[in-house]
Amino acid sequence: MRILHDELPNIDVTVSSQNSPDLADALMRGRLDAAFMRPEERADELVYRRVITEPFLVVFPSDHRLAAHDAIELREIVGETFLIPSKTAPTSRLVIEDYLKRSGLDIIPDHEVDNITHAVSMIASTGAVALLPAYPNNLLPWSVTSRPLKGEPPTVDLVVGYHKANTSPILRTFLGRIDDLTSRMSMGASSDTKVHRNSRQQA
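What counts, and where the lines are drawn
- Residues numbered from 1 in each chain as written.
- Predicted model: local features only at pLDDT ≥ 70, side-chain atom pairs only at ≥ 80, totals over all residues.
- Heavy atoms only, no water.
- Phe/Tyr/Trp six-rings, centres within 6.5 Å; stacked < 30°, edge-to-face > 60°.
- Helix = DSSP H or I, 4+ residues; strand = E, 2+ residues; numbered from the N terminus.
- Buried < 20%, exposed > 50% of the residue type's maximum accessible area, 1.4 Å probe, protein only.
- Salt bridge = Lys/Arg side-chain N within 4 Å of Asp/Glu carboxyl O.
- Core = buried A, V, L, I, M, F, W, Y, C linked by side-chain atoms within 4.5 Å.
- Contact = heavy atoms within 4.5 Å.
- Pairing = 2+ DSSP bridges.

**A closer look at the packing of aromatic side chains**
No. 1: Enumeration over the complete set of coordinates arrives at 1 aromatic pair.
No. 2: Ring geometry for Phe 36 versus Phe 174: centroids 6.3 Å apart, planes at 80°, classification edge-to-face. Of the two residues, Phe 36 sits in strand β1 (residues 35–36) while Phe 174 sits in helix α5 (residues 169–176), which places them 138 residues apart along the sequence.
No. 3: Exposure remark for Phe 36: the relative accessible area of 41% places this residue in the partly exposed category.

This is the structure in structure tokens:
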């Protein structure tokens, strides 16, 4: 957002709760220039580019007992109300399920959530805990916070998709600054493992 607004101050950047197939359709129809999404096999005219590999964080209400910790061991969420992505987010769901299986801990999800927006809303309203990728961390409301996992956390690739025939100046600017974006996100992810983020403004 910062990179694009620096050069194109009137650009419209939207935080969307749409699923990847819907975003792929919007890209194919020219309604969007670029979107962060998972690759869709049937969208042959789209190009996908990995921006960064991000760790999953433990996300919970800001007044939760876990907020007193700098980092969270997975066993510390045993017994908590636990959220998991639904099958509309198969990549994240599979990563989390594999991580839970490898942990050897008996952590059974209590609820499924359809997207990041749904997850954050459920966390704030129910006091639940979830494992979410780091990329929406700066978009959390003040009532929700996060901590890194101790040890080796699960990860997911953050991928940007766009139509290969799109020649818009917005897309050209974005792709021209993709290395800068990757660098900024890498530094932000590193910082998040060391610094508590108890106060955030709603984006």
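**Here's the deal with the environment of Arg 172**
No. 1: Within the secondary structure layout, Arg 172 lies in helix α5.
No. 2: In this structure the C-alpha to C-alpha distance between Arg 172 and Asp 33, which are 139 residues apart in sequence, comes to 9.6 Å.

**Structural notes on the pattern of salt bridges**
In a structure, side chains of opposite charge can pair up when their charged atoms sit close to one another.
No. 1: If you walk through the whole model with that rule in mind, you get 8 salt bridges.
No. 2: As a salt-bridge pair, Glu 73 and Arg 75 come within 2.6 Å of each other at their nearest N and O atoms.
No. 3: Bridged by salt links that share partners, the residues Asp 25, Arg 29 and Arg 31 form one connected network.

**Overview of the nonpolar core**
No. 1: Counting 19 residues, the largest nonpolar core has Val 58, Phe 60, Leu 74, Ile 77, Phe 82, Ile 96 and Leu 131 as the members making the most contacts within it.
No. 2: Of all the secondary-structure elements, those providing two or more residues to this core are β2 (46–61), β3 (82–85), α3 (90–103) and β5 (129–133).
No. 3: Among the elements that take part in this core, α3 stands out by supplying 4 residues, more than any other.
No. 4: Not counting residues up to four positions away in its chain, the partners in contact with Val 58 are Ile 72, Ile 77, Val 129, Ala 130, Leu 131, Thr 145, Ser 146, Arg 147 and Leu 149.
No. 5: One finds Val 59, Val 113, Ala 119 and Ile 123 within the second-largest nonpolar core, a separate group that totals 12 residues.

**Some points on the pairing of strand β7 (residues 155–163)**
No. 1: For β7, the buried fraction is high: 7 of the 9 residues fall into the buried class.
No. 2: Of the strand pairs in this sheet, β1 and β7 are connected by 2 bridges, and their pairing is antiparallel. Within β7, the position partnered with Ala 35 by the bridge is Gly 161.
No. 3: The pairing of β2 with β7 spans 9 bridges and is classified as antiparallel. Its bridge partner lying in β7, Leu 46 is registered against His 163.

**What to know about the environment of Val 156**
No. 1: Examined against the element boundaries, Val 156 turns out to sit in strand β7.
No. 2: Residue classification places Val 156 among the buried positions, given a relative accessible area of 11%.
No. 3: Here the alpha-carbon distance between Val 156 and Val 95, two residues 61 residues apart in the chain, equals 7.5 Å.
No. 4: The residues contacting Val 156, other than those within four sequence positions of it, are Ile 52, Thr 53, Glu 54, Phe 56, Thr 91 and Pro 133.

**So, the pairing of β2**
No. 1: Bridging between β2 and β5 involves 4 bridges; their strand directions are antiparallel. Counted as the bridge partner of Val 58 is Leu 131 from β5.
No. 2: Note: β2 against strand β6 (residues 144–148), 5 bridges, orientation antiparallel. Within the sheet, the bridge partner assigned to Val 58 lies in β6 and is Arg 147.

By themselves these figures say nothing about function.
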